[in-house]
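Architecture at a glance
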Number of protein chains: 2
Amino acid sequence: MIELSGNQQHGNRATGRAENLAEGIYHKLKQDIFDFRLLPGDRFTESDVAGRMGVSRTPVREALFRLQRESYVEVLYRNGWRVRPFNFEYFENLYDVRTILETAAVKRLCEQEQGAAQLEDLKRIWLVPASERLTDMSSLSALDERFHEMLVEAAGNDEMARIHREISEKIRIIRRLDFTKPPRVEATYLEHGKVLKAIMQRRADEAQMMLRAHIEESRREVRKITLHMLYSARADADRDAM
Amino acid sequence: MIELSGNQQHGNRATGRAENLAEGIYHKLKQDIFDFRLLPGDRFTESDVAGRMGVSRTPVREALFRLQRESYVEVLYRNGWRVRPFNFEYFENLYDVRTILETAAVKRLCEQEQGAAQLEDLKRIWLVPASERLTDMSSLSALDERFHEMLVEAAGNDEMARIHREISEKIRIIRRLDFTKPPRVEATYLEHGKVLKAIMQRRADEAQMMLRAHIEESRREVRKITLHMLYSARADADRDAM
DNA sequence: GAGCACCTTCTTGTACACAAGTTTGAGTGC
DNA sequence: GCACTCAAACTTGTGTACAAGAAGGTGCTC
């Protein structure tokens, strides 16, 4: 079985205890932002959210503070909250850090004497005949995110993996736009395969180069379509609200 | 004038507004942990802190949640809070990530056509005759932390700098133990100087090697004395409490 | 004396009331 | 019509009361 959801322990399933209200609201709000139900720049109040979710302001504030620290929203002193406006430099910077962490992880993977178990999982997913490839865009987008996360996890540094996972989540909102065109899907399979093979052959420089090129390619695609997608998402939401 | 305190905007000085209670409690609690007034493993309750600080539980909870997300403390379900026990693997991992980020930053600095302004500040501090060197341990410890932070800041990626700053803060509690012996002070001046000179000469590989060796040296020192220091700090605190 | 059930106490989680401060717009003077 | 004043309506920040649940001690049973 392949772990797709990451290890972020949504609702304390490990202890069998139900998740807090604050925790649930945190995830709901974040999903609202990811799905453009809350658009960058949108303003709202704590009471809005509390009313909509049917809870008091207390857990809402807890969730908002967490989202604020992760820079998804910001508070205006005694004047409401708003979803953080889009900032392309911010995403560019995150892409850079992501590249740094992933190439460092890949280098380590090539230097480790025994291959990490996670690598086997990745091979089973990405090194498959063309006929067995997934074509569903949204699954593929999630799978791509997991590919990169698992590369870092395989390197064995939990803190590096945690930081990388946070970055991955932050850029998810624009990254999945990469998977709207079929050619990129095929390229993704190809490029992931090359990275994995290079790692298996312990060719650190080659693996890093492949990975860097792959991320750069994806970033270039995303750069082209982001603005357009963003505006159409906004237009859709506006139309729905009328 | 050299900026020593980082740019973490303690009390919204930019807007001239007084800081929140929660913000103040957050900083006080974190300082308590850094100064071993709160020891790893220590348990406490929200009411304890609220009473001690003379506020209600609300801002205390806000501060605690933030400290929890930064993994300084952890909550035990309906059973109080505790300072996160020491975990050496955790610090080792953070040291690794720090090294990755700093070497990447240095590489960029060597590749940038025009030198960053921050580098000039660093030269004025670290490339001085032996007679002008600081000897006060605690100032030097802070200055050392700023050296590494400014290296990353100079690379121009705000997110990378933010992540690095968070890591720096987390390892501060053990890192400053490096500055208890005079020989390390001299070595620090020497090693920082070498890194800066290599950057000025655009020798990326050499600069990275120097930096990596410097961090490794510091880490080795810290590894040796951490356990001892930790236990004596605990003993001191216990004696004070009697 | 040992083990177990129960109950008290204490802890966090949530709701709600009030305080402090910002925005907005109606109303007034000119 | 325009600028200004001022107050009402909101919004976040903080304090407080209550709910849900865990821990530990106490007394009872055997």
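Residues numbered from 1 in each chain as written. Chains lettered and ligands numbered in written order. Predicted model: local features only at pLDDT ≥ 70, side-chain atom pairs only at ≥ 80, totals over all residues. Heavy atoms only, no water.

Examining the overall build of chain A
Rule in force here: Only runs of H or I of at least four residues qualify as helices and only runs of E of at least two qualify as strands under DSSP, and these elements are numbered from the N terminus. We call a residue buried when its accessible area falls under 20% of the maximum for its residue type, exposed when it is over 50%, and partly exposed in between, using a 1.4 Å probe and counting protein chains only. Throughout, a contact is declared for two residues whenever any of their heavy atoms are within 4.5 Å. For accessible areas, the Shrake-Rupley method is used with a probe of radius 1.4 Å. Any residue's cover is judged against the shown protein chains and nothing else.
The helix and strand tally for chain A stands at 9 helices and 3 strands. Starting at the N terminus and walking to the C terminus, you meet the elements of chain A as α-β-α-α-β-β-α-α-α-α-α-α. Relative to its 242 residues, chain A shows a buried fraction of 48%. Considering only residue pairs separated by 6 or more positions, chain A has 74% of its internal contacts joining residues 24 or more positions apart. Roughly 12,200 Å² of accessible area belongs to chain A as shown, and the carbon and sulfur atoms make up 51% of that amount.

Some thoughts on the nonpolar core
Applied cut-off: Think of a nonpolar core as a cluster: buried Ala, Val, Leu, Ile, Met, Phe, Trp, Tyr and Cys residues, connected wherever their side-chain atoms sit within 4.5 Å.
Judged by nonpolar contacts, the single largest core of 130 residues is most densely connected at A:Leu151 and B:Leu151. Those residues in contact with A:Leu151 that sit more than four places away from it in its chain are A:Ala105, A:Val106, A:Leu109, A:Leu119, A:Leu122, A:Val195, A:Ile199 and A:Leu211.

Let's talk about the interface of chain A and chain B
Heads up, the rule is: Buried area: the sum, over both parts, of the accessible surface (1.4 Å probe) that disappears when the two are put together. A pairing counts as a salt bridge when a side-chain nitrogen of Lys or Arg comes within 4 Å of a carboxyl oxygen of Asp or Glu. Think of a polar contact as two N or O atoms within 3.5 Å of one another; within protein, one of them needs to be a possible hydrogen donor and the other a possible acceptor, and neighboring residues in sequence only count if both atoms come from side chains. Residues were grouped as follows: Ala, Val, Leu, Ile, Met, Phe, Trp, Tyr, Cys and Pro as nonpolar; Asp, Glu, Lys and Arg as charged; and all remaining residues, including Gly, as polar.
Contact residues are listed per partner, giving 26 residues for chain A and 26 residues for chain B. Interface of chain A and chain B: buried area, both sides summed, is about 2,500 Å²; carbon and sulfur atoms make up 56% of it. Of all residues in chain A, A:Arg69, A:Ile100 and A:Glu159 give up the largest surface area on contact with chain B, accounting jointly for 25% of the area buried on that side. Along the contact surface separating chain A from chain B lie 8 salt bridges. Among the ionic pairs, A:Glu62 bridges to B:Arg61, the shortest N-O distance being 4.0 Å. Summed over the shared surface of chain A and chain B, the result is 7 residue pairs in polar contact (both at pLDDT 80 or more). Listing elements by their share of the side of chain A that touches chain B, those giving two or more residues are α3 (57-69), α4 (88-111) and α7 (158-175) of chain A. Here the side of chain A that touches chain B is composed, by residue class, of 11 nonpolar, 2 polar and 13 charged.

Re unusual backbone geometry
The backbone phi angle of A:Arg78 is positive, close to 50 degrees, even though this residue is not glycine. Within the secondary structure, A:Arg78 sits in the loop between β2 (73-75) and β3 (81-83).

A closer look at the protein's contact with DNA strand D
Condition: Any residue with at least one heavy atom within 4 Å of a molecule or strand is counted as near it.
The environment of DNA strand D is formed by 19 residues, the closest being A:Arg78, A:Gly80, B:Leu21, B:Ser56 and B:Thr58. Protein-proximal atoms of DNA strand D, defined as those within 4 Å of the protein, fall in sugar or phosphate at a share of 64%. In this structure, A:Arg61 approaches DNA strand D through a side-chain N or O atom, which is 3.0 Å from a phosphate oxygen. One nitrogen or oxygen atom from the side chain of A:Arg78 is found 2.6 Å from a base oxygen belonging to DNA strand D. A per-class count over the surface near DNA strand D returns 6 nonpolar, 7 polar and 6 charged.

Section: the environment of A:Arg176
All names here are of chain A. Summarising the element assignment, Arg 176 is placed in the loop between α7 and α8 (182-200). Here the alpha-carbon distance between Arg 176 and Asp 144, two residues 32 residues apart in the chain, equals 9.1 Å. Beyond its immediate chain neighbours, meaning those up to four positions away, Arg 176 contacts Phe 34, Asp 35, Phe 36 and Ser 141.

Digging into the sheet that holds strand β2 (residues 73-75) of chain B
In a beta sheet, neighbouring strands pair by backbone hydrogen bonds and run either parallel or antiparallel. Residues and elements named next belong to chain B. What counts is decided by this rule: Note: two strands are recorded as paired if DSSP finds a minimum of 2 bridges between them.
Taken in spatial order, the 3 strands make up an open sheet running β1-β3-β2, and their pairing is antiparallel. Pairing within the sheet leaves two strands with one partner each, and these edge strands are β1 (43-44) and β2. By the bridge criterion, 3 bridges tie β2 to strand β3 (residues 81-83) in an arrangement that is antiparallel. Bridge pairing in β3 links Val 73 to Val 83.

Examining the protein's contact with DNA strand C
Near DNA strand C you find 18 residues, and of these A:Leu21, A:Ser56, A:Thr58, B:Arg78 and B:Trp81 are the closest. One nitrogen or oxygen atom from the side chain of A:Thr58 is found 2.7 Å from a base nitrogen belonging to DNA strand C. Listing elements by their share of the surface near DNA strand C, those giving two or more residues are α3 of chain A together with α3 (57-69) of chain B. Along the lines of polarity and charge, the residues of the surface near DNA strand C split into 6 nonpolar, 6 polar and 6 charged.

Section: the relation of the copies chain A and chain B
Defined as follows: Residues reaching a pLDDT of at least 70 in both copies supply the C-alpha atoms on which the copies are superposed by least squares.
Of the transformation superimposing chain A on chain B, the axial component is 0.0 Å and the angular component is 180 degrees, with the fit at an RMSD of 0.0 Å. What the superposition gives is, in effect, a two-fold axis relating one chain to the other.

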